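An overview of the molecular structure
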Protein chains: 2
Amino acid sequence: MQGKAGTQEKDMQICQTVSQLRAVLAPLRAAGKRIGFVPTMGALHEGHISLARTLREHCDVRVCSIFVNPTQFNDPKDYQAYQVNLERDSEMLRAQGVDVLFSPTVEQIYPPGFQTIVRVTEISKPFEGALRPGHFEGVATVVTILFNAVSPHVAIFGEKDFQQLCLIERMVQDLALDIRIIRGALVRDSDGLALSSRNARLSAAGREDALYISRGLFAAKEAFISGERSSEALEQIVRSYIEKMKDPQVDYIALVDEKNLKRVATAQADTRILVVARVDGVRLLDNIGL
Amino acid sequence: MQGKAGTQEKDMQICQTVSQLRAVLAPLRAAGKRIGFVPTMGALHEGHISLARTLREHCDVRVCSIFVNPTQFNDPKDYQAYQVNLERDSEMLRAQGVDVLFSPTVEQIYPPGFQTIVRVTEISKPFEGALRPGHFEGVATVVTILFNAVSPHVAIFGEKDFQQLCLIERMVQDLALDIRIIRGALVRDSDGLALSSRNARLSAAGREDALYISRGLFAAKEAFISGERSSEALEQIVRSYIEKMKDPQVDYIALVDEKNLKRVATAQADTRILVVARVDGVRLLDNIGL
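Quick caveat, the model's predicted, so the values are computed rather than measured.

Here we take up the overall build of chain A. Helices and strands together make up the secondary structure of chain A, namely 10 helices and 10 strands. Taking 2.2 N^0.38 as the reference for a compact globule, 290 residues should give roughly 19 Å; the C-alpha atoms of chain A span a radius of gyration of 20 Å, in line with that estimate. Taken across its 290 residues, chain A has 41% of its residues classed as buried. Taking all contacts inside chain A whose residues are at least 6 apart in sequence as the whole, residues at least 24 apart take part in 67%.

As structure tokens, this is what we get:
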């Protein structure tokens, strides 16, 4: 197959239906190729690209999906406002050598009469689950559908959405899905801000304020390294940084077990600090492992 | 591999864990064999055997599971009382030439910390769903797990549990599972009684009474063939037979669309009559297509 520029490199294949996708992947699977999968909602940034890059070490064929899933928006207005430039996103994936792009329509994923839901009960309850009713049910359901459409050997999810990552790991284990889940590192801008498609909605002043979130996490991690083990004390360090913002609005700061997302009183190496704060009305998620 | 009797026939392989099962199936799958699957809860009778026999035409390798799923019993006492003789059941499957028996423990299917559920919302609501809270959530969840463990190309479910069959078909479509579902015909005893492991709990007199259920269904079908199209009239024919029992107890009689299980006012070729009546305290399910 010839690429657009007439080179020998094969071009990225774009599939819009599950049957197209299966037709493309079946011969590769039969030839013993390992299929890797990066699900996204588009609006790609370096965080997503880093996932695609990390995945390359774990498989032979990389499939990326772009699907803005309506069922995981708890506020329909957010769904309407969510901007995806499919052409720009495709170019970014093509430049990374991604082999297959799956970009289905809403009707393809949710056919008429659709009525099946997947729920991971405990992990969905706190934090984002408590603040965004229905969100994680939407995530678990769409990821199950995408997994069944792609049937990957391995899939990667970013640590940026840490609760989502834990939920997917639990779901894969519980439903006996034969898929290895890889944790993709959170990517930060040079100033420390965790990359997110939401960052584009920050004002210049808001962006300055937002930096207190990562600074607070870095300071807490340093305190942990210096011997501080009290979750309460470490949480207070993060809070003290966020309180330097002009209008500090914290949704939560929590020290949790990295596997089951349960709060811990004493910090350990497998503890993670989760933070969500609002700046310019934008919910910014960040976290750090200790 | 040699069979027990030293013949060239290969013996049925028995797997108790998902990883054993995958190890057995992987080379067959890689060799291009089509995998077929019959999930059961044991206590096998000719109805199950007929499913295994029908499946033979649709695949190269037949996998049967025996797993008494605790989560689909709405009454824990029923679960405790449910009798399975694994040795007897295995013999029946071996005699049918089934290739692989998957008989996992409860801990294998529901590992510690298990918390994921699958729900098919609309089809689960009426009839058995209304009378057995949680039953269909248990069914949808365990079947998803078993499907992921076996990864069959084709699976068969009996028309005896007609609502369950519709639920599985809907779930497979909604979750984009790459599995063809085959409807296995309901099997009756020579006197007309639909086969069920529950029939063993009927007294001699109860068994006589139970025959009014199938007689009512046959009479309604004859009336349909003779031109009767009113669901109400056809339902009344079934009821009039059941009322001949000593102590008639009808849970429901309903004429429904065979695809979505919605009630219809006018009977058509794709209408099915569902009946549940209780005899000797045993809930007997039956149905017939028109």
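Moving on from the model shown.
Right, let's talk about the interface of chain A and chain B for a bit. At the interface, 27 residues of chain A touch 27 residues of chain B. If you list the elements that add at least two residues to the side of chain A that touches chain B, you get α1 (18-30), β5 (116-120), α7 (135-150) and α8 (162-174) of chain A. Ranked by the residues each element gives to the side of chain A that touches chain B, the list is headed by β5 of chain A, at five residues. Residues belonging to the side of chain A that touches chain B are distributed by class as follows: 13 nonpolar, eight polar and six charged. When β5 of chain A meets strand β5 (residues 116-120) of chain B, the two strands line up antiparallel, connected through five bridges. By the bridge assignment, Arg119 of chain A is partnered in β5 of chain B with Ile117 of chain B.

On to the pairing of strand β10 (residues 282-289) of chain B. All names here are of chain B. As paired elements, strand β9 (residues 271-279) and β10 share eight bridges and run antiparallel to each other. By the bridge assignment for β10, Leu274 is matched with Asn287. What sits between the antiparallel neighbours β9 and β10 is a turn of two residues, in which Asp280 has the positive phi angle 55°.

A separate point is the sheet that holds β9 of chain B. All names here are of chain B. Pairing within the open sheet is antiparallel, and its three strands lie in the order β8-β9-β10. Looking at strand neighbours, the two that pair on one side only are β8 (249-257) and β10, the edges of this open sheet. In this sheet, neighbouring strand axes are inclined to one another by 15° on average, regardless of whether the strands run parallel or antiparallel. Relative to β8, helix α10 (residues 231-242) is tilted by about 150°, and along the sheet it contacts β8 and β9.

Residues and elements named next belong to chain A. Split into domains, chain A comes out as domain 1 (13-184) and domain 2 (197-289). With centres defined by C-alpha atoms, the gap from domain 1 to domain 2 works out at 26 Å. Contacts between domain 1 and domain 2 engage 12 residues on the former and nine residues on the latter. Counting residues per element, the side of domain 1 that touches domain 2 draws most heavily on α8, at three residues.

Here the focus is unusual backbone geometry. In most cases, non-glycine residues show a negative phi, while peptide bonds are predominantly trans. Although it is not a glycine, Asp280 of chain A sits at a positive phi angle of roughly 55°. In this model, Ala176 of chain B sits at a positive phi of 55°, which is unusual for a non-glycine residue. Here Ala176 of chain B falls in the buried class, since 21 other C-beta atoms lie within 10 Å of it.

Quick look at the relation of the copies chain A and chain B now. It takes a turn of 180° to lay chain A on chain B, together with a shift of 0.0 Å along the axis; the resulting RMSD is 0.0 Å. Put plainly, the chains are arranged around a two-fold axis. Proximity to the rotation axis, assessed at the C-alpha, singles out Val118 of chain A in chain A; its C-alpha lies 2.3 Å from the axis. Comparing contact sets, 100% of the residues at the interface of chain A also lie at the interface in chain B, consistent with an isologous, same-surface contact.

Let us look at the sheet that holds strand β7 (residues 180-184) of chain A. Residue and element names in this part refer to chain A. One open sheet accounts for six strands, arranged β1-β4-β3-β2-β6-β7; its pairing is parallel. Unpaired on one side and paired on the other, β1 (13-15) and β7 mark the two borders of the sheet. Strand after strand, the sheet turns through a mean of 25° between neighbouring axes, direction not considered. Two elements, β1 and strand β4 (residues 100-102), share three bridges in a ladder whose sense is parallel. By the bridge assignment for β4, Ile14 is matched with Leu101. Its contacts with the sheet place helix α4 (residues 86-95) against β1, β3 (61-66) and β4, and it is angled at close to 165° to β3. Here α7 sits on the sheet in contact with β2 (35-40), β3 and β4, set at roughly 150° to β2.

A separate point is the environment of Ile273 of chain B. Residue and element names in this part refer to chain B. Its place among the elements puts Ile273 in strand β9. Separated by 17 residues in the primary sequence, Ile273 and Val256 have C-alpha atoms spaced 6.4 Å apart. Those residues in contact with Ile273, other than ones at most four positions away along the chain, are Leu217, Ala220, Leu234, Val238, Leu255, Asn287 and Ile288.

Before going further, it helps to spend a moment on helix α7 (residues 135-150) of chain B. Residues and elements named next belong to chain B. For α7, which comprises 16 residues, the first-to-last C-alpha distance of 22 Å matches the rise-based estimate of 22 Å (1.5 Å per residue) to within 8%. The buried fraction of α7 is high, at 14 of 16 residues. Phi for Ser151, located one or two positions after α7, is positive at around 50°.

This paragraph deals with helix α8 (residues 162-174) of chain B. Residue and element names in this part refer to chain B. With 13 residues, α8 ought to run about 18 Å at 1.5 Å a step, and its terminal C-alpha atoms sit 18 Å apart, in line with that. Most of α8 sits out of view: 11 of its 13 residues are buried. Regarding α8, the residues found buried are Phe162, Gln163, Gln164, Leu165, Cys166, Leu167, Ile168, Arg170, Met171, Val172 and Asp174. After α8 finishes, the residue Ala176 shows a positive phi value of roughly 55°.

So, on to the confidence of the model for chain A. Residue and element names in this part refer to chain A. For chain A, per-residue confidence averages 95 on the pLDDT scale, and residues scoring 70 or more make up 97% of the total. Contacts for the low-pLDDT stretch residues 1-8, under 50 throughout, to residues beyond four places or in other chains number six contacts. Reported confidences for the modelled complex are a pTM of 0.95 and an ipTM of 0.94.

Turning to the pairing of strand β2 (residues 35-40) of chain B, a few remarks are in order. Here is the key point about a regular strand: its side chains alternate between the two faces of the sheet. Residues and elements named next belong to chain B. In terms of residue burial, β2 counts as a mostly covered element, since six of its six residues are buried. A two-sided burial pattern is seen for β2, the buried positions comprising Ile35, Phe37 and Pro39 on one face and Gly36, Val38 and Thr40 on the other. As a crossover connection, the stretch from β2 through helix α2 (residues 46-55) into strand β3 (residues 61-66) is right-handed. Sheet topology note: the β2/strand β6 (residues 154-158) ladder contains two bridges and is parallel. Note on β6: the bridge partner recorded for Gly36 is Val154.

With that settled, the discussion passes to the packing of α7 of chain B against α8 of chain B. All names here are of chain B. For the pair α7 and α8, interaxial distance at closest approach is 11 Å and the crossing angle is 50°. Compared by their axis directions, α7 and α8 come out oblique. You can see that α7 and α8 cross each other, and the crossing is right-handed. Residues Phe136, Val139, Ala140 and Val143 of α7 lie in contact with α8, whose contacting residues are Gln164, Leu167, Ile168 and Met171.

Scoring rules and cut-offs
- Residues numbered from 1 in each chain as written.
- Chains lettered and ligands numbered in written order.
- Predicted model: local features only at pLDDT ≥ 70, side-chain atom pairs only at ≥ 80, totals over all residues.
- Helix = DSSP H or I, 4+ residues; strand = E, 2+ residues; numbered from the N terminus.
- Rg over C-alpha atoms; globule rule 2.2 N^0.38 Å.
- Buried ≥ 20, exposed ≤ 12 C-beta atoms within 10 Å, placed from the backbone.
- Contact = placed C-beta atoms within 7 Å.
- Nonpolar A, V, L, I, M, F, W, Y, C, P; charged D, E, K, R; others polar.
- Pairing = 2+ DSSP bridges.
- Axes fitted to C-alpha atoms, helices over the stretch in contact; angles between N-to-C directions.
- Domains from an automatic or database assignment.
- Least-squares fit on C-alpha atoms with pLDDT ≥ 70 in both.
- Expected span 1.5 Å × (residues − 1).
- pLDDT = per-residue confidence, 0-100.
- Right-handed = clockwise from strand over helix to strand, strands pointing away.
- Parallel < 35°, antiparallel > 145°, perpendicular 65-115°, else oblique.
- Left-handed = near helix turned anticlockwise from the far one by under 90°.

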